[in-house]
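Breakdown of the fold
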Amino acid sequence: MNAHPRTPPADESPSDEPRQGARPAGSGATVGTVVLVEDDDGLGELISDYLDRNGLRVHWIRRGDRALQAAREVSPDVLLLDVMLPGQDGFDICRELRA
């Protein structure tokens, strides 16, 4: 695998704001939208970059208690949830969305 994780600049700290992914070079449109809920920066960056490269717009949320609001605002095609998250776990988020 030739992918290298991106190291954020020293002045860039992770935020809980949705991260909107870049479109693949030369494509003009995305194939869908994903809300990624992952608190691990390394794993979140890896997943987000992979999805970005494959034409998906990614909104990355790092706290479970902010996932429902993001899902309602973005109306994603897919919601990828970690299970153990700060604020609210992925199972509870899933239950609330299905209710």
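This is a predicted model, so every value here is computed, not measured.

1. Some remarks on the confidence of the model for the chain
Confidence in the prediction of the chain, expressed as mean pLDDT, is 81, and 71% of residues score 70 or more. Low pLDDT, under 50, characterises residues 1–14; the stretch is placed with 5 contacts to residues that sit more than four places away or in other chains. The low-confidence segment residues 21–26, where pLDDT is below 50, has 13 contacts with residues more than four positions distant or belonging to other chains.

2. Concerning unusual backbone geometry
Backbone geometry follows two general trends: most residues other than glycine have a negative phi, and most peptide bonds adopt the trans configuration. Positive phi is not limited to glycine here, since Ser 75 has a value of about 50°. Among the secondary structure elements, Ser 75 is positioned in the loop between α2 (67–74) and β3 (78–81). Here Ser 75 falls in the exposed class, since its relative accessible area comes to 55%.

3. Concerning the nonpolar core
Residues Val 35, Val 37, Ile 61, Ala 67, Leu 68, Ala 70, Leu 85 and Ile 93 constitute the largest nonpolar core, which totals 8 residues. Counting only elements with at least two residues in this core, the list comes to β1 (32–37) and α2. With 3 residues, the top contributor of residues to this core is α2. Beyond its immediate stretch of four places on either side in the chain, Val 37 contacts Ile 61, Arg 63, Gly 64, Ala 67, Leu 79, Leu 80, Leu 81, Asp 82 and Leu 85. Val 34, Leu 36, Leu 51 and Leu 56 belong to the second largest nonpolar core, which has 6 residues in total.

Analysis parameters
Residues numbered from 1 in each chain as written. Predicted model: local features only at pLDDT ≥ 70, side-chain atom pairs only at ≥ 80, totals over all residues. Heavy atoms only, no water. pLDDT = per-residue confidence, 0-100. Contact = heavy atoms within 4.5 Å. Helix = DSSP H or I, 4+ residues; strand = E, 2+ residues; numbered from the N terminus. Buried < 20%, exposed > 50% of the residue type's maximum accessible area, 1.4 Å probe, protein only. Core = buried A, V, L, I, M, F, W, Y, C linked by side-chain atoms within 4.5 Å.

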